[in-house]
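# Secondary and tertiary structure notes
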Amino acid sequence: MKAIIIIPTYNESKNIVRLIHALQYRFSGMTHDMHILVVDDNSPDGTAGEVKKLQSRFNNVHLLTGEKAGLGVAYTRGIAHAMENLDADVVFEMDADFSHKPEDVPRLMAEIDKGADFVIGSRYVLGGSIPKEWGVRRRLNSKFGNIVARYLAGLYHVQDCTAGFRAIRASILRNIDFSELGVKGYAFQVALLHQALVLKASITEIPVDFIDRTEGESKLGVKDIIEFILNAWWIRFDSLKTFLKFAVVGASGVVVNLGFFTLFLTAGINKYIASPMAIEISIISNFLLNNFWTFRWRKTKDRARIRGLKFNAVSFLALGVSYGTFVALSIFFPEVPPQLHQLVGIIPATLLNYFLNSYWTFKQVDEN
Ligand SMILES: Nc1nc2c(ncn2[C@@H]2O[C@H](COP(=O)(O)OP(=O)(O)O)[C@@H](O)[C@H]2O)c(=O)[nH]1
Ligand SMILES: [Mg+2]
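In this text, all values refer to a predicted model and were calculated from it rather than measured experimentally. (Residues numbered from 1 in each chain as written. Chains lettered and ligands numbered in written order. Predicted model: local features only at pLDDT ≥ 70, side-chain atom pairs only at ≥ 80, totals over all residues.)

## As for the nonpolar core
Counting 69 residues, the largest nonpolar core has I5, I6, V91 and F92 as its most contacted members. In terms of residue count, helix α7 (residues 188-198) provides more of this core than any other element does, 7 residues in total. If you look at the next biggest cluster of nonpolar residues, it comprises 14 residues, including I279, I283, V314 and A318. (Core = buried A, V, L, I, M, F, W, Y, C linked by C-beta atoms within 7 Å. Buried ≥ 20, exposed ≤ 12 C-beta atoms within 10 Å, placed from the backbone. Helix = DSSP H or I, 4+ residues; strand = E, 2+ residues; numbered from the N terminus.)

Shown next as structure tokens:
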């Protein structure tokens, strides 16, 4: 089999030469036809020049250059080149900064040999690790990204969703429309994993130690983090249509809530009683619309009755949050019309309501 290790680089001149040598050393003990494709975005530090020098020594080293447009864009270009021009059977993703150990490459390849379609060098399965020297902040950052991908996007079954060390069969990649992924930065890793899950690829995680880089700096930016979170929501909703339906239901809930609240006030009901009544009615109407319209297609584990019970538990909590906000605002800002307090109370309750219902009540069951 022909395997292409794609290494995206931006200012990695201090790492790339050493890494290419280390990989060549590992390749010598392997039976497959192993290649390296460096995708460099015109790094100002001359990374591409270093690679070119090595190309005269190694004929399995390839270079693709382009404008800097993000990690995902670089990978998309690299994968297309590996498949169309280099005839890859397997494509690896690997960082240039030695965070991924070259000696793990044969281990990932061995899983492909055993039949896996998508092998992840995983930090979060038993035996894998993140750097011991990482402080609480970096640990939390890494964990947070993974939690967003697993629980917000819903990729529950993969322990390390954000890993950048993977081996993927070309047969899987060929069925993915990369122009549809809609991501430019680090979110690419999660978007690609999601597509592999949609295609029912056989996914294997093997433990790796993730090593802290010693040369150069991380390129992860704020833009990447924002795109990462938006992408997770996007995956959760699966499509624009589901998202729009959810938004329409949410908007209708606001109208129902405030409409009934006003109705109860005009009927002379005390505002502290009118508020929870209106909240409850809108929660129920939202549930019914989401159940029978927005998420109708979702296969869930529970029967409708259990789902109804779970939903009631969630509603009760959401009602508490919404009503608590209403009461607090009424006490602190008595001069503001009560409708406004009621409106603001909807915000935290909606977030909680959606999250718990999506993750628990309407949790999608996996068919695998
Ligand atoms: N071509 C290209 N490579 C990138 C870009 N952003 C990051 N990289 C490379 O992707 C790999 C992982 O990036 P790194 O900054 O180490 O991310 P971190 O490990 O999450 O901090 C490294 O080899 C980077 O040089 C980019 O925009 N374009
Ligand atoms: Mg790194």
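## Digging into the packing of helix α5 (residues 136-152) against helix α8 (residues 222-237)
Where α5 meets α8, the axes come as close as 9 Å, and the angle between the chain directions of the two elements is 15 degrees. Between α5 and α8, the angle falls in the class roughly parallel. You can see that α5 and α8 cross each other, and the crossing is right-handed. On α8, the residues touching G145, V148, A149 and L152 of α5 are F228, I229, A232, W233 and R236. (Axes fitted to C-alpha atoms, helices over the stretch in contact; angles between N-to-C directions. Parallel < 35°, antiparallel > 145°, perpendicular 65-115°, else oblique. Left-handed = near helix turned anticlockwise from the far one by under 90°. Contact = placed C-beta atoms within 7 Å.)

## Structural notes on the domain arrangement of the protein chain
One frequently used descriptor of interface size is the decrease in accessible area upon assembly of the parts. Domain parsing of the protein chain yields domain 1 (2-237) and domain 2 (240-361). The gap between the C-alpha centroids of domain 1 and domain 2 is 42 Å. (Domains from an automatic or database assignment.)

## Re unusual backbone geometry
Despite not being glycine, D87 shows a phi value in the positive range, around 60 degrees. Looking at the secondary structure, you find D87 in the loop between α3 (71-84) and β4 (90-93). Even without glycine at this site, F98 takes up a positive phi of about 70 degrees.

## Here's the deal with the site of ligand 1
The environment of ligand 1 is formed by 19 residues, the closest being P8, A74, A96, S218 and K219. The set of elements that each furnish at least two residues to the shell around ligand 1 consists of β1 (2-9), β2 (33-40) and α3. (Near = placed C-beta within 6 Å.)

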